[in-house]
Structures are given as C-alpha cells and as structure tokens.
Amino acid sequence: MEQWTMPSIDWTTLMPTIIVILTGCAALIVEMLRPKQNNNLIVGVSLVGLGGAAYCLLSHLGLPEISTLNGLVERDRLGSIIQLVLVGVTALTILFSEPYLRNKRIAFGEFYPLALWSAAGGMVMASSENLLMIFIGLELLSIGLYCMAGLSREETKSEESALKYFLLGAFASAFLLYGIAMFFGATGSISLSAAAGAPEGAQGLLTLSSMMLIVGLGFKLALVPFHQWTPDVYQGAPTNVTAFMAAASKAAAAAAAIRIFSAFVPVQDFWMPILYWMAILSMAVGSFSALVQKDVKRVLGYSSIANAGYILVAILGAIKSGDGNFAAAIYYLVVYSAATVGAFAVISVTAKAGTEGTRFEDLHGMWKKAPLAAGTLVFFMASMIGIPPLAGFFGKLLIFQTAVNGGYVDLAIVLAATSVASAFYYLRIMHAAFAADETAIPTQAAPVRGGLKASLIICAASTLILAFGANKIITAIEGEPEPAVTVALTGE
Amino acid sequence: MLEGFLPILVLIAVAALLCTVMVTLSWVLGPKKKTPYKAAVYECGVAPFGDANERVPVKFYLVAILFVLFDIEVVFLWSWLTVFKSGTTDQMIFSGAAVLIYLLLWILGDAYALKVNAIDWDEATSIAPEKLRDTPAYFESTEEADAGLSTVGGAQ
Amino acid sequence: MKPFLNLPSSWSFLIIFMPLFGSIIWALFGKSLMKLGGDRDGKRVVAWGATGLVLAGFVVALDFALQLNVMRQAKESFDPITIFQWISLQSVNIPFELRLDSLSLTMTLVVTGIGGMIHWYAAGYMWEEREYARFFTYLNLFIAFMLLLVLGNNLAMLFIGWEGVGVCSYLLIGFWYKDHANAKAANKAFIANRVGDFGLTLGLFYLVYLIGGQAASLGIESTRWLSYDVIFQANVLEALSHFPKEIMIVSLLLFVGAMGKSAQFPLYVWLPDAMAGPTPVSALIHAATMVTSGVVLLNRMAPIFLMSPVTMSVVAGVGAITALLGALIAFGQTDIKKVLAYSTVSQLGYMFIACGVGVFSAGIFHVVTHAFFKALLFLTAGSVIYAMAHNQDMRNYGGLFKKIPITAILMTIGFLALIGTPFAFAGFWSKEAILGPAVNDVSYTLLLTNIGDYKLTVGALAGWIGFLAAFCTAFYMTRQMFLTFMGKPRWTSIEPAHHAHHHAAEALPVPAHDEHAFFMSDAEVEAFTVPEPEHHDLDSTHEPKEVPASMWLPLSILALFSTGPIWMVAYNSHFVDKWLTGSYEEHHGAIGHNALITISFLVFGGGLLAGYLVYKKGLPEKEGWDLSKWNPVRRSAMNQFSIDAVATDGTSTLGNHLGKVLAWIDVNIVDGLVNLVGVIAKAIGSLLKMPQNKGMVRHYAILMHLGAAAMIVLAAWKLGVFN
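Residues numbered from 1 in each chain as written. Chains lettered and ligands numbered in written order. Predicted model: local features only at pLDDT ≥ 70, side-chain atom pairs only at ≥ 80, totals over all residues.

Engineer: Give a detailed account of the overall build of chain A, specifying residues and quantitative values.
Structural biologist: Scanning chain A from terminus to terminus reveals 18 helices and three strands. Out of the 492 residues belonging to chain A, those deemed buried represent 65%. Nonlocal contacts in chain A, meaning residues at least 24 apart in sequence, comprise 78% of its contacts between residues at least 6 apart. (Helix = DSSP H or I, 4+ residues; strand = E, 2+ residues; numbered from the N terminus. Buried ≥ 20, exposed ≤ 12 C-beta atoms within 10 Å, placed from the backbone. Contact = placed C-beta atoms within 7 Å.)

The structure is reproduced here in structure tokens:
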C-alpha cells in the first residue's frame, strides 16, 4: 500500500459551500431560539451568509482552475458561475419568502436552513468531477427539497407533491447509483476523468452507465420521459419552494450534466441519439402541454420542461461541435433562473389568509391591485418568450447558434417552433394579470413591499442587465476575450 | 468482460436457491394440525382484541426516525474507530477532525429535535402562533385592521 | 481665425451629448424645477440651460471647424471618431462613430448656431406656456437627433437621426395636442414622411445589399462597410460604377426619402400643415434644419448620385417643379405663416436644383443662407403674430410698420434676403451659385434639345424655371410685406366680441386644413395660458405691442447674417466650394457671369415692382374676405391646386378600400389559419397531457422505468448485443 498523505485542502475553493452550510446552521439555531413575532432575523442571517458566499465566488472567477481535496472538488469557471447562480437564486427566493409564508400561514422558519442546505448540495454537485460527490450533492439538494415541498402541511396538494417528488426522486437516485456503480465497474474509478482511460472492453458497461446517469439527471432536469413529476410538484409545493426548485435544482443538475456528458464523449455515439430525442420530446411536450393548462404554476412547470429541452440542445450542440464551449447553456440557465424566480415571486403575491390563487382567473386585475408585480411580470414573460432586448432573446439566440454550430439544425428549428408555441401561454399569463374582467373574482393581492419588492425589482432588472452585459457574462463563462456574439450597448 | 462478476452471480444464485429451498421444504414437509390450544395466547400473553391494522400515532415514526439516526451514527463511529486506532498521527488528526465536524452537525440536529419537542409525546405544535399572522403590512389596508385585529403596524 | 480650444477630436461626442443631456434633464426634472424655483425662475433655468447647451455645442463645433481648416492646409483630415461599439457581428461592424468633415461641421454650425438663436427666441415666445419644460425637452432632443444625422459616420446612424428628427417634428407639431387640428397636422406630417422614409429605407437596404453582399469583390476589407469612409473609397466607387442600373435604383429610392423629409413635390403636403406647431418650431425644424436634411443626404451620397444622370435629371426636375409650384401657391395664401411655409417649399426646390445639376456645395450654401433668413422671417412673423393677439391672417393686418418698427425692419431684412436683393443680401449670392451652374449645365443631367449652340438640358431648364420662380418669389413676398406693414390698419374695422375667427368661419368656405385660422383655438387659450386682462382676441380695440428685447435680440443676429457682405466674399472667393469639396473649378458656360447678374437683377426688380404696383394701396378688393371675388387661379392656388386634396384624400380613400379588403383577408383567411394552428397545438397539448390526467404516481414511475428500459434496449442494440 502506498503511503497515505494528508490531502491538501484549498480553503478558498471550499469557502463558499462551507459558508452556505454554516449559514444554514446559524439559521437553524436562530429558529431554535424561537423568535416570537417574525422570521426577519433568520432572513437577515441567511442573506448575510449568502452575500459572503457570493463575494467569495466572485473573487474565484479570476483565479486559476484547480482541483482540491484529492480531486473531490473543482474550482473552475463552470462551477463558480453555477454556484453563483445557486447563491443568487437562494437569496432571491429567501427575499420574497417571508411575506409569502406568512400569508400562506406556513410558519416554519425551517424553510430557510433547508433552502440553504439544499443550495449547498447544489453547490457541491456543481463543483465536483467525482461521481460520488455529485451523488451526495444531489441527495443533499433533493432531501431538502422533499421536505420543503411538503411544507404546507394543511394542504393535500402540498403533501401529495412532496410524496410524489420523494418517491420518484428515490427511483432516480437509484438509477444514478446504478450508473455510478457501473462506471466504477468499467473504469475502476469514480472520478469522471477516468472515463477517457476506460479499457476497450468496458465500452458496453460505460454505455450502460451513461444511460443510468441520464435517467438520474433527466429526472432532476425534468426531461421527457422523466418529467411527469414536474407539473404536479410545481403546482403543489409552496410557491417560494417551487421557485427555488425550478431554478436551483435545474442549475445544479445542468452543471453536473455538462460535466458528465463531457466525460462520456468516448461513447457519445450511443447516448447522443437518445438525448437528441429527449431534447425534441421535452421541447414539444413542455410547450404543447402547457397550452391546455388552467393553473399558472402548472404552466410554468411545463415551461420548465421545455426550457430543460433548450438547455439540453445547448449542451448537445457544444459537445457535438467539439469545442467544449458551454457558454450558451450556462448563459441561458442564468437568464432562465432570473426570469423563473421572478415569475414565481409574482404568483406568490396572490397568497392571502392561508390560501393562494394560482389559476389564470386568480391573476385577474393584478395590474390594479399590485402594479409592480404585474409590471415586472411583463419582463419575466417577455424574457421567457425571447423578446429583444431582454436577456431571454440573447439566451435563445446563443443556443440557436450553438445548435447550428454543432450541426443540429433540426434541433434549432424545433427550438424556434416550440418557442413560438410557448409564446402563447406566456402571453396568456401576462394577459391574465392585466385583464380587467369585472365578473371574475378579483385577485387577492398581498401588498408588494420589502423583500418581495426587492426580489421583483432585482429579477426584472437582471433580465435587462443580463442582456446588456451579455458580453461580459459570456466572457466570464468562456474565459476568453472574444465571444461569439457581441451585441451590447457597453461602451468599449 | 463480465467474467469477473461470475462468482458474484453464482453466489447470488446459490443464496437465492438455498433460501427458496429451505422455506419451501419446511412449508411442504412440516405437519399442519391446528388446534384451539395452539391458537391460544401463550402463557401470560393478553387475549387479542380489536383490529391489528390500526392507525398508529405519527409520533412513532418520529421516534423511529430518531432511533435510525442514532443507529447510523453508531455505524459510522464504529467503522471510523476501527481505522482510527491503527492510523498514523496525520490520519488521526484528519479523520478526528472530520468526525468532530460530523458530530457537531449531528448534535445540532439532535438539539433541534429536542427543541421542537419531537420526542415529547404530549406536545401539540412547534409553531409560534404569531407567525401564523399575515404580514403586518397586510393589516394596514384591510377591513381586518378596522376590526381591531391588528396588533402591529398601524396607519402610515 | 485660429482654433481657440484645440479640443481632441474624441470630445466631439459632446456636441450631440449636451442637448441630449439637456433633453433628459428637462424631461425628468423640468416640472420639479418649476416647482422648486417657482414658475419664473424655473422657466429661466430651463430656457437658459437649453439655449446654453446648444450654443456650447456651437462653440465646440466652431473649434473643430477651425481645426479642420488648419488641417486642410496640411492635406489632413479627421479620422472617424468611434464613440463606442454598437453592433458588432462577424460579418458587419457598425460602431457608433462620428465624422468631422466640412459638410458635417457646416451643418452642425448651422444647427447649433441658428438652433441656439431660436431657443433664445422661444424662451420669450413660449413664456406663458405651462408646459415650458416639455417644449424644451422636445427642442433639445430634436437638436440632438439632427446632430446625429449630420455627424454620424454611417448609414445606420444617419437613419436613426433621420427617424429621430421625424419623431421630434411630430411631437412639436402636435405640441398643443389638445387641439384636434394640431394632432391631425402632426399625424399628417408623420404619415407623409413615412412615404419618404419607405423609399429611404429601401434605398439603404439596397445599398447595404449591394455593398455588403459583394464587399469582397468590391475590395472592401473592413467590416465597417456601412461607414462613409469605407463606402466612398475610390476603388469601391469605381467598382460600384459597374452596376449602373442598381445605382440608379438606389439613388432614386434615396431621393424619395429626401423628397419626404425636404418637402418636395408631391410629398410637400405636410409642410404647410406643420405650421400648426409653435412658431419657433416652424422656424427651427420646418425652415432652417430638418427640412434640409434631404439636401444633406444628397450631399453625403453625392458620389452615388453623380453616377446616374437619370437620377440627377429627376432631382433637378422635381426641384424645379417644387420651386415654381411653391411660389405659385404662396400667392393664394392669406395666413402669414403659410406664405412663409410655401416659400420654404419653393426654396427647398432651389436646393434640389443645385444638387441635380451637380453643384452640391451650392445646395449647402443655400441651406446655410436660407437657414438664416428664413429663420429670421419666421421669427419676425412670430413677433407679428405675437403683437396681433395670435391672429395670423394678413387681411387683418396693415400699417404695422409704425406700430412695431423693430420687427418690421428685421423682417424687411429677411424679405430682402429671400427675394435675392442683388449684392447686399444673402439670398442673392446663394441663388447665383445655384442658378448660374444650372443654366449652364451640360454634363450632369440628360439633354432635352439643342437651341442653336445652347444645350438645353433638364438642369438648364430647371435653372430657367428657377429664375421664373425667383420672380414670383419677389412678387409674393412684396405682397406679404405690403399687406402686413403698409397701408391702413385693417383690424380696426373688426367689431369687438364679434371676432375674426367667427367672421372668417361664417364668411369663408375655408378648406379643411385652414379651418383654424387662429394660432390657438379658444379652448387652447383657456387651457394653456394664464388669463390676463389684456389678453384678448384681435378687434378694433387692439393695440399692437413691440416684442421684448429677449425676442428681437437673437433676431438681429440672424438679420446680420442675412445681409450680404460675408456671403459676397464667400461667393467671390469660392470659399464654399473650396471648403465643402476641397477644390474649385471655374464654371464656364454659354451664359456668362454678367448676363446672369443682369437676369437676376431684372427678375428681382420686376417682382418687386409688380408687387409694389399691385399692393401699394393695401389689400386689393379682389383678395379680400369675399372669396367669390377672387381670381379663380388665385382661389385655386389657395387650395394648392387641389394637389393636397388629391394626394391626401385620394390616397386615404384608396387606402380605406384597400384596408377593407385586407381586413377581410386578415380576419377570414390569415386569422383562420392562425386559429387553426392554435387549435392543432391545443389538440396536441391535450393528447400529450393524457398520461398525466390521473396524476397517479405509479403511472409516472412506470413511464420512468419504461423510458429507462427503452434506453437500455436502444443502447444494447447499438452495442450489437442482438446481432
């Protein structure tokens, strides 16, 4: 046996994750101390912690890419940016959670530590090339989400969603574990970098492993045919949890998917066609099923399926073209996260006295009751549709280019077609918020103040900032001075 | 490729076969004579009453879960300790620190469980009633405020 | 003069930025300023701020012009100044860049200089306006866009400026939007300009297609191929000249754009209606600057236009028709501003004649002189209107010389400049510079016929028509001056309380566009002005008052520049040619210099004399209130020879019918198809939703496992397990 040496630990790399975990602990301690009137202190502690983590991550962007803790944790641009997205999404969710939870009569301060730990799980998942670390991250992310989904204990829908999510998530985890075991069988290692050096005879096992991993990740990303939990869980879970789930879990899973798929390039002939069809099906099912829904949260659930398809197209295009430039996928993730958190924040306005109206009719007259919410909703929906100059447009444009570069013209066409179809239901949401139907039950709108206001404004602003700063962000992702598309109003 | 796994497969097959054979044989071969005495409660047992498929208080699950948590902790500690004893100083420091962190987190969890009265059988709710109110801002603009239900906030 | 600031060229963005900044400030904080500093001081801040920013731009531009003058002597010029990267794609790069050359700087000086004077004047003219800040917001914004148009170094920036000034023009014509007629006039201007812009857009697209599509074969290496310095390289132009047909189409389309903006026949119809805006706006936008942007476009694109004799002939021809038509219609107008509006249309025609016969620099020369004296005329007309209780009908004036002498003298200077008083006034020299080369043109336009040795080209014919129009100009302007300032006061015969508005409305079957004889409607007066005891309608009790100094001071500066001496020097030393084109070549033609001067003299004198004879006794009987006594030709001229009616009503009727057909197609066929797509999409959605219907988690799990199983089977098949 070789000599055991103490692993060298680069604390700066681990710092953001550690900070988020400790913030979660601190939030739990505050909760245990039982603040009587409100959870403002918990929110404050959480936000401060997340701010610290974000600061660390921002300082990471310029640092060289390294691997630490015996190769368990990576510090690279992909990881740092996805971690930044996770931290941002968590902060934005926490910002608007307090008023929502109160109005929904969900008085669990436990939401905050759970969200923070979930985020930490996502951060672990996003920054490791080690399959077991990815698995642990995934579990940490998921278990928190299972609990949070069932947070509204009095509602059967919430319970149902938690149970469904848990059951199906357990299956997905099992598949993922199978995949990891097979990977180990094929390569003798659980580090993704070992895939390239897999022996010739292990191809079959490696392929099988890739299939299993796709099932596991497909579940988290909500790709067809592993998508069916999405609308149910999105609808049933408390709205702030849904916002977190939609953005954070997708971002972390996408990061893991990028790492895993990149590693499996040696057997890409076997799994690429499958992902190709999964992408087409996801875009089609997501966009078309949403057309006939009556509940806004369900619509956004299907929209998340379609968006997962778009992200998959970007990943596939980047892998196929062989340049390993995932800027399109990552940029789109960032854009999608901002818009989707914002959209759910808008919906959270309808909560009042323990109930919540999430059908289209329930949004009627929001323009009058909560003009800020309705106004920012325009930004989110327009960004999701992809109307310039909002960020969604540039995101879709980049994906389109990436797909075409990778030779997936047909995927690009499906993307464009389903985007057009999806415009319908996004506009329908917008229309509902602005409709002044006198006969309809008026929106029960909570006042838009404090954290909710901040969250809405930040999300809406970021749909613009991300568009005008597209250059800078893509440069940060690619780490190169010359991005593929530069359309910006920056003065350089 | 798969040759290496053949012994495991054989082992699984043998184990499954053995179990099946043993259970089946005892069921087939064993004599089955039912008498009232055999069906009666053994010695000082209590005579059964009611339906066995009864709803169980959810508290049982909480206690069970906590028990499982303790179990898992012991499993971890046990396996850690066996390695720890024979380790070098470096290994002791490293693994000791890791386990310490683990234990701290675990204690935090336990403290939380105690604090929310998870094992306190009679405890009703762990929620502060004040937190079940709407946001204070909400009261300012509704008829509930006029009805005097508001305790916080006030007109601007 | 030597450059006095020696600013680095990268500072040139200040010229545009300053008025833009002002506009933003007035828009955001204008009202707060009024509240904060009180109405009086707030208005002062806005007025001085707005004027100061524009005049500061003038100073900066002047410095650059002087720098350029120095650089010229060393055969140098400014490089394009990139402010920031705007659109940057792989195949095309459109930076936000400025071009400091003689043309752009000349126009900048005109826009900022005259614009500054007009801002100054407007500060007094609009004093009683409540929405003072809004007015200066638009006015400063207009200046910014106009400067963008002239200073931009590529076609995209020209287009932004072009549309921007259009929007500002729309906003300012409709400044008093509560009056329906003003809103209509604003719409008309906007829509008529759309026709022109349609041409411009097509022209630009075609040019972009032509240059961009063949950039490599044209020898263009830069991706900035929308920029002037790239397009107008000698080798590119040489290569373009191999596409004569395409160039002809491009230049004709661009000319359509210029026609719209510069109010050429038949797209001039919006300009007279645009007089509904406040008078400073008429002076700034609809006389001095915006309407000349067509001429600027032609000058910019001169190398393209010069390649096509057909286009040049069309330009000259349309210019000549416009010059004459505008002059003729002016005879039928009784509204003092309308006369000046048609005079502007007519003068714009001269500028296009100049471009058509290849002396583009003379076009700009006339733009500059015209900017001075027409701005002066409009502003003095504004002063007259101001003095006459906002009544614009000249039939109510008369004998005002004694009442408002300063205004009268200033207007007379403008008048003398416009009619081309030989030697002493500006208009003479710029008209000479146009009509001289025009009548001698042999090479730029198509030949019509030979008269002896004299070659009558389209350009030459346009030149002769120009002389005819000059005669008419002298005639109708004399009419205006006499009706306004000479003879006996006529408003004294208006009964009090039975004021002119009603009088006119009862007596006249007025054409639709003239139904508001007032500068403001009654409702406007109530809505917008602070009621004052002396503010009343024009009637016999009215006593005209001279305008305050803040209003006539800027006018005297304009008047100074409307007089001849500097322009004479400019003309005789060929300064304009040398400055604008960098070289000068002597024009030698069949009609010599002295002959031209003689003709000009005759034309000027004849017009003046005719006017004097007809109008020396004041308003003639057959031009009075009773329209039936009017000469039928004049009556027809009053209605623009029905051109407006045909153009506007005809197109709108046609448009209505076409619209109905299209609406039917849209509702029944297009919408039907769209709805069909929607129905199909929904059906697909319902189909895809089916497995979800029961919401059973076991079904979900089964589908998930089936999916995984399918994937494994597929992989096994691919791996060749089944073979």
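Moving on from the coordinates now.
Engineer: Give a description of the overall build of chain C that names residues and reports values.
Structural biologist: A count of helical and extended segments in chain C gives 27 helices and four strands. Across the 723 residues in chain C, those meeting the buried criterion constitute 51%.

Engineer: Tell me about the interface of chain A and chain C, residues and numbers included.
Structural biologist: For interface size, the figure often reported is the accessible area lost on association. Contacts between the two partners involve 29 residues from chain A, matched on the other side by 26 residues from chain C. Those elements that place two or more of their residues in the side of chain A that touches chain C are helix H6 (156-187), helix H7 (203-221), helix H8 (229-236), helix H10 (268-289) and strand S3 (486-487) of chain A. At six residues, H7 of chain A tops the list of elements feeding residues into the side of chain A that touches chain C. Among the residues forming the side of chain A that touches chain C, the class breakdown is 20 nonpolar, six polar and three charged. (Nonpolar A, V, L, I, M, F, W, Y, C, P; charged D, E, K, R; others polar.)

Engineer: I'd love a proper account of the nonpolar core, names of residues and values included.
Structural biologist: Nonpolar side chains tend toward joint burial in soluble globular proteins. All names here are of chain C. By size, the foremost hydrophobic cluster in this structure holds 220 residues, and its most contacted members are Phe142, Met146, Leu147, Ile353, Ala354, Ala375 and Leu376. At 19 residues, the largest contribution of residues to this core is made by helix H15 (residues 360-387). Residues in contact with Ala375, not counting those within four places in the same chain, are Ile114, Met117, Ile118, Ala283, Ala287, Ala288 and Leu558. (Core = buried A, V, L, I, M, F, W, Y, C linked by C-beta atoms within 7 Å.)

Engineer: Give me the lowdown on the confidence of the model for chain C, citing residues and values where you can.
Structural biologist: Residue and element names in this part refer to chain C. Per-residue confidence for chain C averages 83 on the pLDDT scale, and 92% of its residues sit at or above 70. Scored below 50 in pLDDT, residues 498-535 shows 49 contacts in the model against residues more than four places distant or in partner chains. The ipTM for the predicted assembly is 0.85, set against a pTM of 0.60. (pLDDT = per-residue confidence, 0-100.)

Engineer: An account of helix H26 (residues 643-689) of chain C is needed here, citing residue identities and associated values.
Structural biologist: Residues and elements named next belong to chain C. In H26, a bend of some 35° at Asp666 exceeds every other bend along the element. Of all 47 residues in H26, three are buried; the element is thus mostly exposed. Listing the buried residues of H26 in full gives Asp644, Gly685 and Leu688. (Bend = angle between axes of the 7 residues up to and from the residue.)

Engineer: Run through the pairing of strand S3 (residues 447-451) of chain C, naming residues and quoting values.
Structural biologist: Side-chain direction in a regular strand flips from residue to residue, so the side chains alternate between the two faces of the sheet. All names here are of chain C. In terms of residue burial, S3 counts as a barely covered element, since only zero of its five residues are buried. Sheet topology note: the S3/strand S4 (residues 454-457) ladder contains four bridges and is antiparallel. Residue Thr449 lies in a different strand from S4, and its bridge partner there is Leu456. Hairpin connection of S3 to S4: two residues between the antiparallel strands, including Gly452 at a positive phi of 65°. (Pairing = 2+ DSSP bridges.)

Engineer: Residues and numbers for the environment of Lys188 of chain C, please.
Structural biologist: Residue and element names in this part refer to chain C. Here Lys188 lies in helix H5 (residues 180-213). The exposure class assigned to Lys188 is buried, which follows from the 22 C-beta atoms found within 10 Å. For Lys188, the contacting residues outside a window of four places in its chain are Trp270 and Asp273.

Engineer: Help me get a handle on the environment of Thr407 of chain C, residues and values and all.
Structural biologist: Residue and element names in this part refer to chain C. The residue Thr407 is located in helix H16 (residues 405-418) in this model. Overall, the presence of 27 C-beta atoms within 10 Å leaves Thr407 in the buried class. Through-space distance from the C-alpha of Thr407 to that of Leu555 is 8.8 Å; in sequence the pair is 148 residues apart. If sequence neighbours within four positions are ignored, Thr407 has contacts with Thr380, Ser383, Val384, Ala387, Glu546, Val547 and Trp552.

Engineer: Quick rundown of the packing of helix H14 (residues 336-356) of chain C against H15 of chain C? Include the residues and the values.
Structural biologist: Residues and elements named next belong to chain C. The geometry of H14 relative to H15 is characterised by a closest axis approach of 9 Å and an angle of 175° between their N-to-C directions. On the basis of their axis angle, the class for H14 and H15 is roughly antiparallel. Contacts from Ile336, Lys337, Leu340, Thr344, Gln347, Tyr350, Met351, Ala354 and Cys355 of H14 reach H15 at Phe360, Ala362, Gly363, His366, Val367, His370, Lys374, Leu377, Phe378, Ala381, Val384 and Ile385. In terms of residue class, the contact of H14 with H15 is built from 14 nonpolar, five polar and two charged. (Axes fitted to C-alpha atoms, helices over the stretch in contact; angles between N-to-C directions. Parallel < 35°, antiparallel > 145°, perpendicular 65-115°, else oblique.)

Engineer: For the environment of Leu69 of chain B, give the residues involved together with the corresponding values.
Structural biologist: All names here are of chain B. Along the chain, the position of Leu69 falls in helix H3 (residues 59-85). According to the C-beta neighbour criterion, Leu69 is partly exposed, with 14 such atoms within 10 Å. Residues Leu69 and Asp110, 41 residues apart in the sequence, show an inter-C-alpha distance of 9.4 Å.

Engineer: Which residues make up unusual backbone geometry, and what are the values?
Structural biologist: Pro389 of chain A follows Pro388 of chain A through a cis peptide bond whose omega is 5°. Relative to the helices and strands, Pro389 of chain A resides in the loop between helix H14 (371-385) and helix H15 (391-405). For the bond from Phe265 of chain C to Pro266 of chain C, the omega torsion is 0°, close enough to zero to count as cis. Mapped onto the elements, Pro266 of chain C comes out in the loop between helix H8 (244-261) and helix H9 (270-273). Positive phi, close to 55°, is recorded for Asn70 of chain A, a residue that is not glycine. Inspection of the secondary structure puts Asn70 of chain A in the loop between strand S1 (66-68) and strand S2 (73-75). Judged by the 12 C-beta atoms lying within 10 Å of it, Asn70 of chain A is exposed. A positive phi angle, near 55°, is found at Ala263 of chain C, a position not held by glycine. Relative to the assigned elements, Ala263 of chain C resides in the loop between H8 and H9.

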